[in-house]
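What follows is the residue order along each chain.
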Amino acid sequence: QVQLVESGGGLVQPGGSLRLSCTASGTIFPFNAMGWYRQAPGKQRELVAVMPRGDNTNYADSVKGRFTTSGDNARNTVYLQMNSLKPEDTGVYYCNLNRFGRDYWGEGTLVTVSS
């Protein structure tokens, strides 16, 4: 099985930054892709960034130029650096791993952008 644990959420003012982490454990290799999704209150979950294994990250248009992914293979951890945060970035951020066509999800971490 695969376990994903997110951390790093919190309250930040507009224009601020946060870095989210997602640590994966269990039988994670090989996998097709990892990604970050978010769900705002009253809205459907949406893609933020997807990191196909061995390929470049694809970002949602709404976060391009502001959010950046990175990874630490030794720690099985991926990061989402979020800069120039806006109130509309508020939501629960989920880490995703796709392996053999099956999606695994973390429990999410709440990001609130508000003054």
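Residues numbered from 1 in each chain as written. Predicted model: local features only at pLDDT ≥ 70, side-chain atom pairs only at ≥ 80, totals over all residues. Heavy atoms only, no water.

Turning our eyes to something else, we now look at the overall build of the chain. Each helix and strand counted, the chain has zero helices and eleven strands in total. For the chain, the C-alpha radius of gyration of 13 Å lies close to 13 Å, the compact-globule estimate for 115 residues. Overall, the C-alpha framework of the chain stretches about 40 × 25 × 25 Å when taken along its three principal axes. Partitioning the intrachain contacts of the chain with sequence separation of at least 6 by distance along the chain shows that 53% fall at a separation of at least 24. Approximately 6300 Å² of the chain is accessible, and the part contributed by carbon and sulfur atoms is 45%. (Helix = DSSP H or I, 4+ residues; strand = E, 2+ residues; numbered from the N terminus. Rg over C-alpha atoms; globule rule 2.2 N^0.38 Å. Contact = heavy atoms within 4.5 Å. Areas by Shrake-Rupley, 256 points an atom, 1.4 Å probe, with all protein chains shown as cover.)

A few words on the state of the cysteines. Scanning the entire structure with this criterion turns up one disulfide. Bridging Cys-22 to Cys-95, the disulfide has an S-S length of 2.0 Å. Judged by the sign of its S-S torsion, about -80°, the cystine formed by Cys-22 and Cys-95 is left-handed. Of this pair, Cys-22 sits in strand β3 (residues 18–26) while Cys-95 sits in strand β9 (residues 91–99); the two residues are 73 residues apart in sequence, bridging distant segments of the chain. For the pair formed by Cys-22 and Cys-95, the shared burial category is buried. (Disulfide = S-S within 2.5 Å. Buried < 20%, exposed > 50% of the residue type's maximum accessible area, 1.4 Å probe, protein only.)

With 27 residues, the main nonpolar core has Leu-4, Met-34, Trp-36 and Met-82 as its most contacted residues. When contributions to this core are tallied by element, the ones reaching two or more residues are β1 (2–7), β3, β4 (33–39), β5 (46–52), β8 (77–82), β9 and β11 (109–113). The dominant element in this core, judged by the number of residues it contributes, is β3, at four residues. (Core = buried A, V, L, I, M, F, W, Y, C linked by side-chain atoms within 4.5 Å.)

Now for the pairing of β9. Where burial is concerned, most of β9 is hidden: eight out of the nine residues are buried. Bridge analysis of β4 against β9 gives seven bridges, and the strand direction is antiparallel. Bridge assignment links Met-34 to a residue of β9, and that residue is Leu-97. With three bridges joining them, β9 and β11 adopt antiparallel strand pairing. Bridging from a neighbouring strand, Tyr-93 pairs with Thr-109 of β11. (Pairing = 2+ DSSP bridges.)

We now examine unusual backbone geometry. With omega at -10°, the peptide bond leading from Phe-29 into Pro-30 counts as cis. In this structure, Ser-84 takes a positive phi of about 50° despite not being glycine. Along the polypeptide, Ser-84 turns up in the loop between β8 and β9. Since its relative accessible area comes to 40%, Ser-84 is described here as partly exposed. With a phi angle near 55°, Phe-100 is a residue other than glycine that sits in the positive phi range. In this structure Phe-100 comes out as exposed when scored by relative accessible area, which is 61%.

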